[in-house]
Amino acid sequence: MTKEKREIARRPDKAPIATAWDYAPAPEARDIVKIQERYGLFIGGKFVEPGSGERYTTIDPAREEPLSEIAQAGKADVDRAVRAARDAFANGWSGLRPSERAKYLFRIARLLQERSREFAVLESLNGGKPIRESRDVDVPLAAAHFFYYAGWADKLEYAFPNRKPRPVGVAGQIIPWNFPLLMLAWKIAPALAAGNTVVLKPAETTPLSALLFCDVLRQAELPPGVVNIITGDGRTGAELVSHPDVDKIAFTGSTEVGKAIQRNLAGTGKRLTLELGGKAANIVFDDAPLDQAVEGIVNGIYFNQGHVCCAGSRLLVQESIYETVVAKLKRRMATLRVGDPLDKNTDVGAINSKQQLEKITALVQSGVDEGAEIYQPPCKLPERGYWFVPTVFTNVAQSYRIAQEEIFGPVLSVLTFRTPDEAIEKANNTPYGLSAGVWTEKGSRILAMAQRLRAGVVWANTYNRFDPASPFGGYKESGFGREGGRHGLEPYVVLDDA
Ligand code: NDP
């Protein structure tokens, strides 16, 4: 018996160990992006000092080092940004020929492509996500969104046949920290294409790519006030939501804050779309291509450290293949490289913040306490920064917190089923309804499952695939409204009779 086989036989769960196949470091150059020591608020086409006088430090979560001083927008700052957006709406942007609006959006898309390396490095530095993901997913998809909605700008009457679409007005947009640039693109591109102006608040921990985006707006010569970026914490978001001159709020974030916003807006007549949490089921049938499915399971939960609202965080495996799938999964997990987000070989980067790390740690502990079996591959974590080893729980009951609550970290819970009906029952047994995955060889089964799953997006034999032409959004406590595709224009237009 080889040394490795002896080691595997000794391990209680027979889980394989990582082979000693180390990669040489391949760090992306960090100096491609210039980070200013401090930033103001981007209002009316230029950076201004916050009237509040307050600032906070944004950090690199992988090194716990400060990156820049960020302005905390207060009530008067929010008001100033909304007034700039209203002015730009009334005096130019909403009346601009749609084909002219399209030109700006095309310009922004091309500039994002040209400066993609800069954005990728910045996104990884400030958010902790692996450069491989920010370079190959976040930034290209953000550019693709601007290209896509640039195409719609002068074709709105085809998007809504027999109706006369007109813009809603000033949109207040609040985005989270898991995909800072991509969520910005999801929000800003359709709003501008439809002729609205925008005040956007990035998340407290990840403001830097939105602030670099202001420079793209300058290069694109977007008229002042069409897009305003105000940084700050939840208080800034709350001020934006309750500002009386905002016509529409678009929010992506936690279900808790989403509900608070909905309560706040009740009766005001303001439009609202909410993209909230999820606890998606990734369902693997016994006829699925298992190696491919294991790749999909890994991508579904460990992509972006599991900081993904549509993450496949509940794995439902058909009972007959349970042992095989779990063994293959553990073997694959042992090869995941956790570490420096700027290293091109890294698969799993840093947890976005100390607060999020604490939340993940507490939920994982609850899983252990409630009786689930935990597996974490051997993994050496960097000494500084916020890290969590990719984790899988087996022996999970439906009632456990790890099977019910959104963990928003690299933690997977495995459950089993025997029949398609049982799979549906378990998959839908959650307050959420954002996404799901189905792995099977049979096309008819995919269609039958997709019809019965209460989820806004159902992926078949793949996971976490995004396309600007495809609408995304939830059922139940995952929110309402759709982003992406033609549907993504709807919240930003008033439809008059033609
Ligand atoms: P939040 O929902 O608090 O943050 C989302 C955005 O809303 C941020 O820009 C935030 O600002 C802002 N915000 C916070 N409070 C208010 C408010 N009262 N009114 C208006 N805007 C507000 O998420 P957290 O960052 O606190 O994360 C908490 C948990 O939420 C995570 O652990 C995760 O489970 C879940 N989450 C889910 C997301 C999803 O897409 N499904 C995305 C992000 C988080 P600020 O950043 O300054 O707090």
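Quick look at the structure, then.

Analysis parameters
- Residues numbered from 1 in each chain as written.
- Predicted model: local features only at pLDDT ≥ 70, side-chain atom pairs only at ≥ 80, totals over all residues.
- Heavy atoms only, no water.
- Helix = DSSP H or I, 4+ residues; strand = E, 2+ residues; numbered from the N terminus.
- Buried < 20%, exposed > 50% of the residue type's maximum accessible area, 1.4 Å probe, protein only.
- Contact = heavy atoms within 4.5 Å.
- Areas by Shrake-Rupley, 256 points an atom, 1.4 Å probe, with all protein chains shown as cover.
- Lys, Arg positive; Asp, Glu negative; His and termini not counted.
- Charge placed at Lys NZ, Arg CZ, Asp CG, Glu CD.
- Salt bridge = Lys/Arg side-chain N within 4 Å of Asp/Glu carboxyl O.
- Near = heavy atom within 4 Å.
- Polar contact = N/O pair within 3.5 Å; in protein donor to acceptor, adjacent residues only side chain to side chain.
- Nonpolar A, V, L, I, M, F, W, Y, C, P; charged D, E, K, R; others polar.
- Pairing = 2+ DSSP bridges.
- Axes fitted to C-alpha atoms, helices over the stretch in contact; angles between N-to-C directions.
- Arc of directions from axis to C-beta.
- Core = buried A, V, L, I, M, F, W, Y, C linked by side-chain atoms within 4.5 Å.
- Expected span 1.5 Å × (residues − 1).

Quick look at the overall build of the protein now. Within the protein one finds 16 helices and 19 strands. Over its C-alpha atoms, taken along the principal directions, the protein stretches across nearly 75 × 50 × 35 Å. The proportion of buried residues among the 498 residues of the protein is 57%. Residue pairs in contact within the protein that sit at least 24 positions apart in sequence constitute 76% of those at least 6 positions apart. Put simply, the protein shows about 20,400 Å² of open surface, and 50% of that area lies on carbon and sulfur atoms. Between the mean site of the 62 positive side-chain charges and the mean site of the 60 negative ones, the protein shows a separation of 2 Å.

Tracing the sequence through the fold places threonine 394 in strand S14 (residues 391–394). A relative accessible area of 7% means that threonine 394 is categorised as buried. Among all residues touching threonine 394, those that are not within four sequence positions of it are Tyr322, Val326, Ala372, Glu373 and Val414.

Right, let's get into the environment of alanine 423. Relative to the assigned elements, alanine 423 resides in helix H15 (residues 420–428). For alanine 423, a relative accessible area of 0% corresponds to the buried category. Sequence-wise, alanine 423 and isoleucine 283 are 140 residues apart; in three dimensions their C-alpha atoms are separated by 7.3 Å. Residue contacts for alanine 423: discarding those within four places in its chain leaves Ile283, Leu316, Phe417 and Met449.

For the coordinates displayed, the defined rule picks out 34 salt bridges. For aspartate 347, the salt bridge identified is with arginine 132, shortest N-O distance 2.9 Å. Placement of the pair is aspartate 347 in the loop between helix H12 (322–333) and helix H13 (354–370) and arginine 132 in helix H5 (residues 131–153), with a sequence separation of 215 residues. With a relative accessible area of 31%, arginine 132 lands in the partly exposed category. Each of the salt bridges in this network shares a partner with another, and the network as a whole consists of Arg115, Glu118, Asp215 and Arg218.

Bringing the site of the ligand into the picture now. As a matter of local geometry, the ligand sits amid 27 residues, with Trp177, Asp233, Ser254, Gln356 and Lys359 nearest to it. A distance of 3.1 Å separates an oxygen atom of the ligand from a polar atom in the backbone of glycine 234. In the environment of the ligand, an oxygen atom lies 3.3 Å from a nitrogen or oxygen atom belonging to the side chain of glutamate 406. In the complex, 85% of the free accessible area of the ligand, which totals 840 Å², lies under the protein chains. Counting residues per element, the ones that place at least two in the shell around the ligand are helix H9 (234–242), strand S9 (248–252), helix H10 (255–265) and H13. Take the shell around the ligand: its biggest share by element is three residues, from H9. Residue composition of the shell around the ligand, by class: 13 nonpolar, nine polar and five charged.

A separate point is the environment of methionine 449. Relative to the elements of secondary structure, methionine 449 occurs in helix H16 (residues 443–452). Methionine 449 gets classed as buried once you look at its relative accessible area, which sits at 2%. Between the C-alpha atoms of methionine 449 and valine 438, which are 11 residues apart in sequence, the distance is 7.6 Å. If we ignore the near neighbours within four places in the chain, the residues touching methionine 449 are Ile283, Phe285, Pro420, Ala423, Ile424 and Val438.

Moving on: the sheet that holds strand S17 (residues 457–460). Two orientations exist for strands paired in a sheet by backbone hydrogen bonds: parallel and antiparallel. Spatially, seven strands are ordered S13-S14-S15-S12-S11-S16-S17 in an open sheet, and the strand pairing comes out mixed. Because the sheet does not close on itself, it has two edges, and the strands there are strand S13 (373–375) and S17. Taking the axes of each pair of neighbouring strands and ignoring which way they run, one obtains an average angle of 20 degrees across the sheet. The pairing of strand S11 (residues 281–284) with strand S16 (residues 435–439) spans four bridges and is parallel. Bridge pairing in S16 links asparagine 282 to glycine 437.

Turning to its location among the elements, glutamate 133 is positioned in helix H5. For glutamate 133, which is buried and forms no salt bridge, the nearest opposite charge comes from arginine 132, at a distance of 4.7 Å. When residues no more than four places from it in sequence are discounted, the contact partners of glutamate 133 are Asp138, Phe303, Asn304 and Asp347.

Note: most peptide bonds trans; most residues except glycine with negative phi. Its identity is not glycine, yet asparagine 304 carries a phi of approximately 55 degrees, on the positive side. Note that asparagine 304 resides in the loop between helix H11 (290–302) and strand S12 (314–318). On the basis of relative accessible area, asparagine 304 is assigned to the buried category, the value being 1%. Its identity is not glycine, yet phenylalanine 408 carries a phi of approximately 60 degrees, on the positive side. Tracing the backbone through its elements, the reader meets phenylalanine 408 in the loop between helix H14 (401–404) and strand S15 (411–417).

Quick look at H9 now. In an α-helix there are 3.6 residues to a turn, and that puts residues three or four apart on one side. Buried residues of H9: Thr236, Gly237, Leu240 and Val241, and no others. All buried residues of H9 lie within an arc of 140 degrees about the axis, which places them on one face of the element. Elements in contact with the buried residues of H9: helix H2 (75–90), strand S6 (170–174), strand S7 (197–201), S9 and H10. Of the residues that open H9, the one with a side-chain oxygen 2.9 Å from the backbone nitrogen of arginine 235 is aspartate 233.

This part covers the nonpolar core. Core analysis: the biggest nonpolar cluster contains 109 residues, and Phe146, Leu184 and Phe213 have the highest contact counts within it. If one sorts the elements of this core by residue count, helix H7 (residues 180–193) sits on top with 11 residues. The contacts of leucine 184, once residues within four sequence positions are left out, are Phe146, Ile175, Leu200, Ala210, Phe213 and Ile229. Grouped together as the second largest cluster of nonpolar side chains are 29 residues, Phe285, Ala427, Val438 and Ala455 included.

Turning to H7, a few remarks are in order. Along its 14 residues, H7 runs 20 Å from first to last C-alpha, staying within 8% of the 20 Å computed at 1.5 Å per residue. The buried fraction of H7 is high, at 14 of 14 residues. One or two steps after H7, the chain reaches glycine 195, where phi turns positive at roughly 95 degrees.

In short, geometric facts, not functional conclusions.
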